[in-house]
Amino acid sequence: MSTVSGKLSRLQKALARDGIQVSYRDSIYQIHNEQAAATILLPDSLPLEHKAVSQLLDFASVADPDGHGAVCKACATPDFHPGSIAPVGSVVATSPDFVIPAAIGTDINCGIRLMTTGLNQTQAELHKSTIVSRLTQAILKNGRDVPVRTKGFKALFDDGPSAFIDELPALGLWQGVNRDRLQRELAACVGLQGFAGQSRYAPEALLQEREVVRPPSAADLGSGNHFLEFCVVDEIYDRHAAYAAGLKKGDVTVMIHTGSRDVGFYVGRRWMDLAKQQWPQGMKHPQHGLYGLSGALAQDYLHAMGVAARYAWFNRMALAELVRKELTDMAALDASQLIVDVPHNVVMREGEFNVHRKGSTPAHDGQWALIPGSMGDYSFLVKGLGNEDWLQSCSHGSGRQVRRQDTRRMKQPLVESVWQCITLREERLIEEAPSAYKPVGPVLQAQEEAGLIRASVRLKPWLTFKA
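Everything quoted here is computed from the prediction, not taken from an experiment. (Residues numbered from 1 in each chain as written. Predicted model: local features only at pLDDT ≥ 70, side-chain atom pairs only at ≥ 80, totals over all residues. Heavy atoms only, no water.)

**Student:** So what about the nonpolar core? Which residues, and what values?
**Tutor:** Soluble globular proteins: nonpolar side chains tend toward being buried together. Residues Phe153, Leu228, Phe230, Trp313 and Phe314 are the most contacted members of the largest nonpolar core, which totals 77 residues. Considering every element that reaches this core, the biggest residue donor is helix H11 (residues 296–326), with 17 residues. By size, the runner-up hydrophobic cluster in this structure holds 33 residues, among which are Val22, Tyr24, Phe59 and Ala76. (Core = buried A, V, L, I, M, F, W, Y, C linked by side-chain atoms within 4.5 Å. Buried < 20%, exposed > 50% of the residue type's maximum accessible area, 1.4 Å probe, protein only. Helix = DSSP H or I, 4+ residues; strand = E, 2+ residues; numbered from the N terminus.)

**Student:** Describe the environment of alanine 86, listing the residues and the values that go with them.
**Tutor:** Mapped onto the fold, alanine 86 is located in the loop between strand S4 (71–81) and strand S5 (88–94). Taking the C-alpha atoms as reference points, alanine 86 and phenylalanine 227, separated by 141 residues in sequence, lie 23 Å from one another. Not counting chain neighbours up to four residues away, the residues in contact with alanine 86 comprise Gln55, Phe59, Ala103 and Lys358. (Contact = heavy atoms within 4.5 Å.)

**Student:** I'd like to hear about the pattern of salt bridges, residue by residue, with values.
**Tutor:** It is possible for side chains of opposite charge to pair when their charged atoms get near one another. As enumerated under the stated definition, the model contains 16 salt bridges in all. Of the charged contacts in the structure, one is a salt bridge between aspartate 26 and arginine 25, with a shortest N-O distance of 3.8 Å. For aspartate 26, a relative accessible area of 61% corresponds to the exposed category. The class for arginine 25 is exposed, based on a relative accessible area of 65%. Lysine 154 is paired through a salt bridge with aspartate 158; the nearest N and O atoms lie 2.8 Å apart. Placement of both lysine 154 and aspartate 158 in helix H6 (residues 150–158) is noted, with a separation of four residues, approximately one turn of the helix. (Salt bridge = Lys/Arg side-chain N within 4 Å of Asp/Glu carboxyl O.)

**Student:** Break down the packing of helix H5 (residues 128–140) against H11 for me, citing the residues and quoting the values.
**Tutor:** At their nearest, the axes of H5 and H11 sit 10 Å apart, and the two run at 150° to each other. Classed by the angle they form, the pair H5 and H11 counts as roughly antiparallel. Once H5 is placed against H11, the crossing between them reads as right-handed. From H5, Arg134, Leu135, Ala138 and Ile139 reach across to H11, where they touch Leu319, Leu322, Val323 and Glu326. Its residues placed into classes, the contact of H5 with H11 shows six nonpolar, no polar and two charged. (Axes fitted to C-alpha atoms, helices over the stretch in contact; angles between N-to-C directions. Parallel < 35°, antiparallel > 145°, perpendicular 65-115°, else oblique. Left-handed = near helix turned anticlockwise from the far one by under 90°. Nonpolar A, V, L, I, M, F, W, Y, C, P; charged D, E, K, R; others polar.)

**Student:** Residues and numbers for H11, please.
**Tutor:** In an α-helix, one turn spans 3.6 residues, which is why side chains three or four residues apart end up on the same side. Over its 31 residues, H11 runs 46 Å from end to end, which matches the ideal 45 Å to within 8%, given 1.5 Å per residue. In terms of burial, H11 is largely enclosed, as 24 of its 31 residues are buried. (Expected span 1.5 Å × (residues − 1).)

**Student:** Mind laying out the packing of aromatic side chains, listing which residues take part and the relevant values?
**Tutor:** Across all of its chains, the model carries 13 aromatic pairs by this definition. Among the aromatic residues, those joined into a ring-pair cluster are Phe153, Phe157, Phe164, Tyr311, Trp313 and Phe314. Sitting above the plane of the tryptophan 368 ring, lysine 383 keeps its charged end 4.2 Å from the centroid. Against the face of tyrosine 378 rests arginine 458, its NZ or CZ located 4.0 Å from the ring centre. (Phe/Tyr/Trp six-rings, centres within 6.5 Å; stacked < 30°, edge-to-face > 60°. Lys NZ or Arg CZ within 6 Å of the ring centre and 35° of its normal.)

That is the geometry; function is a separate question.
If you want it as structure tokens, here you go:
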């Protein structure tokens, strides 16, 4: 018996005890039980986890108890692994008046931003110690000043990012900021213009009666797998696409991975609780803890989620401006340009569906997407191919293979060579070690072969900042 068939046979037996049937062909798993079915793209070199399979079928089975909405299609990308409730790497489409808040969770619009710096590696190496010192102070030691007018936040949530930019004060981080460039770069933020919002769903602390506030979660990386990384263009696969992005070999870029921080927690927690409260009295609650909202409540959730999604954009934008500010005496002021800002953990209205992406990325035809590897590994700038079988999505990374809680037993030092990780918390070097993640190569290859994406540029890490 081959390794693949032997592994599948053992998995089939284990899942069958839970009433789950599974088949495999050409890197695609088909799974189903009596309630739901789903498809998983995963090469045979990577493990299929029992818990993640169960979670995906639970996710796919969610429906309004009164018949007003349900999941229409469910699939998963190769970074597929268990989450707290819904599996990471999953993509689920629901009917247009139905949403599942717990599937998105509290890290709403966690996403990645990639921009150029105007420096090549040779130039950046000359300033390495300065870059490390300045960004350690600004990002890891909270040495930043990010003032925002309360009417600016109201404009962000009610009117959108463009109105927010118009309200930026000429103080702190925003002194000398290129507002025209910020306005132009909104077009490179995937899905941003589609997020609704209403300030009445925002935390009151951001709208208090004072002219300027300085939220502690502004320009904030957060913890876990979030990071700010300087990368070097290492390989170009599509020279026309790279040229369009303003990239050439040896260029230094900045990749920023973070989300909506305490605003996402505030919105996500409230709406997860509300969805549970809406469950009919006397009806048995589902064990998986995933509850849907339908009708007017579904639309209200999308406005509330949009508040957090817009805040996540602001957070990544502010971090990018902080980097630009610290590089002003090293590179030309107008040399840095945004390539793309992509969302994860959001619901997006696409055609007739509400597409829920939990740890997965939109990959519409011709659209930029980012697939970062584990810390110290390559990352890839890719073009989406709009594959309908996978709901026009791709993976948002390589995916964990060791739970963060279990990495403490690994005791494996993080090996650094030409790349360096800067952190004030040594445990991050274990929790985020490359061995805790799947290798990015098979994850990328499987998606190219299945027609989800096409790789354009390979990036290698140079400096990584982790809080």
